[in-house]
Amino acid sequence: MRVPPNVTTKVFNEALRSFEAAVGKSWVFTSEEDTALYKDAYSPFFGEPEERWVSAAVAPATVDEVRQVMRIANQHRIPIYPISTGRNLGYGGSAPVYSGSVVLDLKRMNRILEVNETNATCLVEPGVSYFDLYRYIREHKLKVWIDCPDPGWGSLIGNALDRGNGYTMAPYRDHFGSHCGMEVVLADGDLVRTGMGALPGAKTWQQFKYGFGPYLDGLFSQSNLGVVTKMGFWLMPQPDAFRSGTVCVYKYADLFKLVDILAYLEAAKIMTAMTRVESPLLYGAFKAPPPAPELIELRAKPGGPTVAELEAYAQQTDTPYWSVILRFYGSAKLTAAQWEYAQEKFSAIPGAKFRDGDFYEFPLSDAAAEAIMDKAPLGIPSLEAFSMGGRSPVNPSPSQGHIWFSPIIPMSAEAIHECDRVFRAAFKEWGVNPLGLPLPQLYHERTFFQIYGFPITRDPEINRKNRETFQRMIKLAADHGWGEYRTAPAFMDSIMDVYSFNDHALRRTCERVKDALDPNGILSAGRYGIWPKHLRKNTQ
Amino acid sequence: MNKWSYCVIGSLLVATAHADSAALAGKRVFDQWCWSCHGPGPDKPGTLGLDAKYQGTVPALLEQRRDLNPATVKYFVRNGVFMMAPFRKTEITDAELDALAAYLSHQKR
């Protein structure tokens with residue numbers, strides 16, 4: 001058995017006995033075999049001394065048990081790290097930021113407490129996954145949709161608290177933004193409900209976000225100030241129909257109008273779904289077949305092809321320089337009108353072409369839902385994303401996981417070009433070649449995410465180089481005004497460091513709140529760069 | 001038929017029923033935890049990976065394999081492999097893992 005840092009074996013044993021009394025002996029894990037299951041499977045420090053380790057895990061089944069565990073941990077000064085489903089792979093998984101912490105595993109708290117079809121809301125516990133809620137909704141034939149991130153086994157609560165995102169219409173795909181009401185256990189075991197939940201017997205906990213007084217919810221996302229044990233969400237009412245279509249443009253300069261029109265349609269709520277700007281010419285479209293040999297040859301031309309050469313190829317072969325898939329939710333008539341209107345707008349780009357895409361009417365049978373290849377825009381959870389980097393006919397050497405560098409950039413063609421230019425030049429200078437989806441993703445409204453991926457390997461030298469590149473990208477991005485939205489524990493301090501306005505006032509403020517709510521500093525030390533007083537370093 | 005025959009038949013029926021219910025429990029675990037990666041279809045990364053690995057020499061679908069034994073199943077569930085992360089005991093308990101291992105090994109009969 002390993003003991004957390006700064007805790008004696010005697011005190012730890014006392015705490016473990018109290019944990020066992022609180023949750024039952026079989027739900028306290030201390031053996032090497034069991035605690036190893038809590039290591040981050042996608043750790044960029046795999047096999048190195050910095051790889052995070054776990055001293056024990058405690059798995060309560062109720063809010064009362066969580067409160068007892070927190071009181072015990074607070075009394076004995078035991079570092080605690082809550083996880084929900086523990087499947088936040090690429091962002092730390094089930095491992096703590098501070099090595100030696102006891103993981104508070106909330107997977108057993110897996111009750112779907114309410115799904116209100118009329119108001120399109122739900123209330124769930126942290127162990128409920130997207131798969132769980134999806135299955136429940138289908139089983140009960142409810143006319144609501146979930147919005148899921150790439151991996152369907154994630155927790156609604158965990159993903160929302162980490163400010164994850166999905167693929168259906170705004171605002172539902174902003175998972176934190178679409179939550180409504182929380183129940184939170186504080187470090188000392190106190191219990192708080194936010195929003196209308198603070199009013200005993202409130203009838204609108206999952207309907208009205210703000211309640212009365214300061215809005216506290218944000219404090220519990222990407223932080224370490226409480227253990228969220230219940231959370232409400234707004235669900236999307238099942239539409240009658242879904243329709244998609246692709247806009248294709250053929251000149252380099254068309255990107256400017258393409259993005260401007262897309263931004264207008266999004267802000268005006270005419271096209272509200274997640275999408276990405278693609279370049280079939282430069283990179284190939286998402287899930288597209290491999291490019292023609294002539295295009296491979298053109299892309300590989302020494303010194304790179306000229307814009308004129310690329311445009312000529314685009315025209316000759318009907319290969320778009322840029323393209324965007326638009327997705328619409330509503331009725332057959334409504335989505336047809338939205339698509340028609342979008343085409344009118346994009347027709348301002350000379351030579352623009354339009355391709356009709358998928359059309360579905362709902363409800364779908366189980367078989368029809370399963371047959372759909374692009375499930376996420378329809379709120380159908382899957383694990384397809386793990387094909388990326390996994391073994392396949394085109395990838396005989398699978399990786400051991402991945403991490404993502406995802407700075408937020410403005411929603412403009414200028415920003416896309418600048419980001420591409422800056423990172424392309426840097427990669428050349430550094431001699432690196434990250435995995436790429438080097439094209440902007442419209443996960444959140446009014447901004448683009450640029451996503452660069454790094455594989456996790458079993459070779460410490462490759463992992464070290466990738467970490468080094470990641471660290472350099474954080475600084476380079478920040479120098480240009482682009483910041484990360486979310487990250488793995490290995491990079492939390494570095495990213496918090498670049499959010500440095502007014503001598504790191506954001507971090508200093510978070511630390512003051514941390515000291516007030518968790519004076520013993522037991523809860524999720526280091527998460528998102530916020531450390532308790534006794535572990536605080538000057539990391540500027 | 002004497003009373004011993006009845007007893008033997010009765011025992012066999014009980015054993016079969018027990019095996020069936022164990023298989024059902026294992027199938028439930030498979031459907032809950034494994035199917036999304038190892039079910040049929042081109043969007044199942046586990047199936048895609050095993051298909052690419054074995055090139056048809058063994059079935060890509062775990063439920064169609066005849067060569068799995070409980071120890072192998074348990075090893076991969078608790079250790080993971082490549083992109084597949086291990087499963088904790090709060091996700092798949094030891095008892096559920098026994099049922100899953102029996103179910104996937106049961107296929108060979």
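Residues numbered from 1 in each chain as written. Chains lettered and ligands numbered in written order. Predicted model: local features only at pLDDT ≥ 70, side-chain atom pairs only at ≥ 80, totals over all residues. Heavy atoms only, no water.

### Digging into the overall build of chain B
Turning to step 1, where the next piece is worked out: Across its full length, chain B carries four helices and zero strands.
Turning to step 2, where the next piece is worked out: Taken from the N to the C terminus, the helices and strands of chain B come in the order α-α-α-α.
Turning to step 3, where the next piece is worked out: Nonlocal contacts in chain B, meaning residues at least 24 apart in sequence, comprise 48% of its contacts between residues at least 6 apart.
Turning to step 4, where the next piece is worked out: With an accessible surface of roughly 5,900 Å², chain B has 63% of that area assigned to carbon and sulfur atoms. (Helix = DSSP H or I, 4+ residues; strand = E, 2+ residues; numbered from the N terminus. Contact = heavy atoms within 4.5 Å. Areas by Shrake-Rupley, 256 points an atom, 1.4 Å probe, with all protein chains shown as cover.)

### Observations regarding the sheet that holds strand 4 (residues 102-105) of chain A
All names here are of chain A.
Turning to step 1, where the next piece is worked out: The strand order across the open sheet formed by four strands is 1-2-4-3, and the pairing between neighbours is mixed. Both outer strands of the open sheet, strand 1 (28-29) and strand 3 (80-83), are each paired with one neighbouring strand and no more.
Turning to step 2, where the next piece is worked out: Judged from the four bridges that link them, strand 3 and strand 4 form a sheet pairing that is parallel. Across the sheet, Ile-80 pairs through a bridge with Val-102, a residue of strand 4. (Pairing = 2+ DSSP bridges.)

### Examining the packing of helix 1 (residues 9-23) of chain A against helix 3 (residues 63-76) of chain A
Residues and elements named next belong to chain A.
Turning to step 1, where the next piece is worked out: One way to put it is that helix 1 packs onto helix 3 with a least axis distance of 9 Å and a crossing angle of 170°. The pairing of helix 1 with helix 3 is recorded here as roughly antiparallel in orientation. Taken together, the residues of helix 3 that come into contact with helix 1 (itself represented by Val-11, Glu-14, Ala-15, Ser-18, Phe-19, Ala-22 and Val-23) are Glu-65, Gln-68, Val-69, Ile-72, Ala-73 and His-76.
Turning to step 2, where the next piece is worked out: In terms of residue class, the contact of helix 1 with helix 3 is built from eight nonpolar, three polar and two charged. (Axes fitted to C-alpha atoms, helices over the stretch in contact; angles between N-to-C directions. Parallel < 35°, antiparallel > 145°, perpendicular 65-115°, else oblique. Nonpolar A, V, L, I, M, F, W, Y, C, P; charged D, E, K, R; others polar.)

### Brief notes about the nonpolar core
Residue and element names in this part refer to chain A.
Turning to step 1, where the next piece is worked out: The biggest cluster of nonpolar side chains holds 126 residues, and the ones touching the most others in it are Leu-133, Leu-258, Leu-326, Phe-346 and Phe-423.
Turning to step 2, where the next piece is worked out: Top contributing element to this core by residue count: helix 11 (residues 413-430), with nine residues.
Turning to step 3, where the next piece is worked out: In this view, Leu-133 contacts Ile-112, Val-115, Cys-122, Val-128, Ile-146, Leu-156 and Leu-235; residues no more than four positions away in its chain are not counted.
Turning to step 4, where the next piece is worked out: In terms of nonpolar packing, the next biggest core, distinct from the first, is built from 44 residues, Val-7, Phe-19, Val-69 and Val-103 among them. (Core = buried A, V, L, I, M, F, W, Y, C linked by side-chain atoms within 4.5 Å. Buried < 20%, exposed > 50% of the residue type's maximum accessible area, 1.4 Å probe, protein only.)

### Some points on the packing of aromatic side chains
Turning to step 1, where the next piece is worked out: One pass over the full model with this rule turns up 29 aromatic pairs over all chains.
Turning to step 2, where the next piece is worked out: Aromatic side chains B:Tyr75 and B:Phe76 sit 5.4 Å apart centroid to centroid with 85° between the ring planes, which places their arrangement in the edge-to-face category.
Turning to step 3, where the next piece is worked out: You can call B:Phe76 partly exposed: its relative accessible area is 35%.
Turning to step 4, where the next piece is worked out: Taking NZ or CZ as reference, A:Arg458 lies 3.4 Å from the ring centre of A:Phe46, over its face.
Turning to step 5, where the next piece is worked out: One Lys or Arg, A:Lys537, reaches over the ring of A:Trp531 and ends 4.2 Å from the middle of that ring. (Phe/Tyr/Trp six-rings, centres within 6.5 Å; stacked < 30°, edge-to-face > 60°. Lys NZ or Arg CZ within 6 Å of the ring centre and 35° of its normal.)

### A look at the packing of helix 6 (residues 254-267) of chain A against helix 9 (residues 332-346) of chain A
All names here are of chain A.
Turning to step 1, where the next piece is worked out: Between helix 6 and helix 9, the least distance of the axes is 10 Å, while the angle of their chain directions is 145°. Between helix 6 and helix 9 lies a crossing of right-handed hand. On helix 9, the residues that touch Leu-258, Ile-261, Leu-262, Tyr-264 and Leu-265 of helix 6 are Tyr-341, Ala-342, Lys-345 and Phe-346. (Left-handed = near helix turned anticlockwise from the far one by under 90°.)

### Some words on the interface of chain B and chain A
The parts lose accessible area when they come together, and the size of an interface is often stated as this lost area.
Turning to step 1, where the next piece is worked out: Counting residues at the interface gives 26 residues for chain B and 42 residues for chain A.
Turning to step 2, where the next piece is worked out: For the pairing of chain B and chain A, the buried interface totals around 2,800 Å² over both sides, and the portion due to carbon and sulfur atoms is 61%.
Turning to step 3, where the next piece is worked out: Among the residues of chain B in contact with chain A, B:Phe82, B:Met83 and B:Arg88 are the three that bury the most area, contributing 30% of the side total.
Turning to step 4, where the next piece is worked out: Among the ionic pairs, A:Glu370 bridges to B:Lys44, the shortest N-O distance being 2.5 Å. (Buried area = accessible area lost by both parts, 1.4 Å probe. Salt bridge = Lys/Arg side-chain N within 4 Å of Asp/Glu carboxyl O.)

### A word on helix 3 of chain A
All names here are of chain A.
Turning to step 1, where the next piece is worked out: Over its 14 residues, helix 3 runs 20 Å from end to end, which matches the ideal 20 Å to within 8%, given 1.5 Å per residue.
Turning to step 2, where the next piece is worked out: Along helix 3, the residues that are buried comprise Val-63, Glu-65, Val-66, Val-69, Met-70, Ile-72, Ala-73, Asn-74 and His-76.
Turning to step 3, where the next piece is worked out: Positive backbone phi, at 60°, marks Arg-77, one or two positions downstream of helix 3. (Expected span 1.5 Å × (residues − 1).)

### Some points on the state of the cysteines
Turning to step 1, where the next piece is worked out: This model, assessed by the stated rule, comprises zero disulfides over all chains.
Turning to step 2, where the next piece is worked out: The closest cysteine sulfur to the non-disulfide-bonded A:Cys122 is located on A:Cys180, 10 Å from its own sulfur.
Turning to step 3, where the next piece is worked out: Classification of A:Cys122 by relative accessible area gives buried; the value is 1%.
Turning to step 4, where the next piece is worked out: B:Cys34 carries a free sulfur, and the closest cysteine sulfur to it, the one in B:Cys37, is 9.1 Å from it.
Turning to step 5, where the next piece is worked out: With a relative accessible area of 12%, B:Cys34 lands in the buried category. (Disulfide = S-S within 2.5 Å.)

### Details of the pattern of salt bridges
Two side chains bearing opposite charge may form a pair once their charged atoms approach each other closely.
Turning to step 1, where the next piece is worked out: Counted under the stated rule, the structure contains 37 salt bridges over all chains.
Turning to step 2, where the next piece is worked out: Here B:Asp67 makes a salt bridge to B:Arg65, at a shortest N to O gap of 2.7 Å.
Turning to step 3, where the next piece is worked out: The buried category is assigned to B:Arg65, whose relative accessible area is 7%.
Turning to step 4, where the next piece is worked out: Among the salt bridges present, the one from B:Glu91 reaches B:Arg88, with a minimum N-O distance of 3.6 Å.
Turning to step 5, where the next piece is worked out: Linked through salt bridges whose partners overlap, the residues forming this network are A:Glu33, A:Asp34, B:Arg78, B:Lys89 and B:Asp94.

### What to know about the sheet that holds strand 9 (residues 191-193) of chain A
All names here are of chain A.
Turning to step 1, where the next piece is worked out: The five strands are arranged 5-6-10-8-9 in an open sheet whose pairing can be described as antiparallel. Each edge of the sheet is formed by a strand with only one pairing partner; in this case those strands are strand 5 (112-116) and strand 9. In this sheet, neighbouring strand axes are inclined to one another by 10° on average, regardless of whether the strands run parallel or antiparallel.
Turning to step 2, where the next piece is worked out: Sheet topology places strand 6 (residues 121-124) next to strand 10 (residues 227-234); four bridges connect them, and they run antiparallel. The residue bridging Cys-122 from the neighbouring strand is Phe-233, located in strand 10.
Turning to step 3, where the next piece is worked out: Here helix 4 (residues 130-139) sits on the sheet in contact with strand 5 and strand 6, set at roughly 50° to strand 5.

### Re the domain arrangement of chain A
Residues and elements named next belong to chain A.
Turning to step 1, where the next piece is worked out: If you check the domain split of chain A, you get domain 1 (9-105), domain 2 (112-237), domain 3 (241-362), domain 4 (402-486) and domain 5 (496-535).
Turning to step 2, where the next piece is worked out: Of note, the centres of domain 1 and domain 4, computed from C-alpha atoms alone, are 32 Å apart.
Turning to step 3, where the next piece is worked out: The partner domain 4 presents eleven residues to the ten residues of domain 1 that form the contact.
Turning to step 4, where the next piece is worked out: For the pairing of domain 1 and domain 4, the buried interface totals around 1,000 Å² over both sides, and the portion due to carbon and sulfur atoms is 55%.
Turning to step 5, where the next piece is worked out: Of all residues in domain 1, the largest losses of buried area upon contact with domain 4 belong to Pro-44, Phe-46 and Tyr-91, amounting jointly to 52% of the total for that side.
Turning to step 6, where the next piece is worked out: At the junction of domain 1 with domain 4, the criterion picks out one salt bridge.
Turning to step 7, where the next piece is worked out: Glu-48 serves as the salt-bridge partner of Arg-467, at 2.9 Å between the closest nitrogen and oxygen.
Turning to step 8, where the next piece is worked out: In this structure, the connection of domain 1 to domain 4 is made through three residue pairs in polar contact (both at pLDDT 80 or more).
Turning to step 9, where the next piece is worked out: Broken down by class, the residue content of the side of domain 1 that touches domain 4 amounts to six nonpolar, three polar and one charged. (Domains from an automatic or database assignment. Polar contact = N/O pair within 3.5 Å; in protein donor to acceptor, adjacent residues only side chain to side chain.)

### Overview of unusual backbone geometry
All names here are of chain A.
Turning to step 1, where the next piece is worked out: Here the bond from Ala-170 into Pro-171 is cis, since omega is 5°, no more than 30 degrees from zero.
Turning to step 2, where the next piece is worked out: Here the residue pair Phe-362 and Pro-363 is connected by a cis peptide bond, since its omega of 10° sits within 30 degrees of zero.
Turning to step 3, where the next piece is worked out: Mapping Pro-363 onto the fold places it in the loop between strand 15 (353-361) and helix 10 (366-371).
Turning to step 4, where the next piece is worked out: Despite not being glycine, Lys-141 shows a phi value in the positive range, around 50°.
Turning to step 5, where the next piece is worked out: Structurally, Lys-141 can be placed in the loop between helix 4 and strand 7 (144-145).
Turning to step 6, where the next piece is worked out: A positive phi angle, close to 70°, is found at Arg-446, a residue other than glycine.
Turning to step 7, where the next piece is worked out: On the secondary structure map, Arg-446 appears in the loop between strand 18 (435-441) and strand 19 (447-455).

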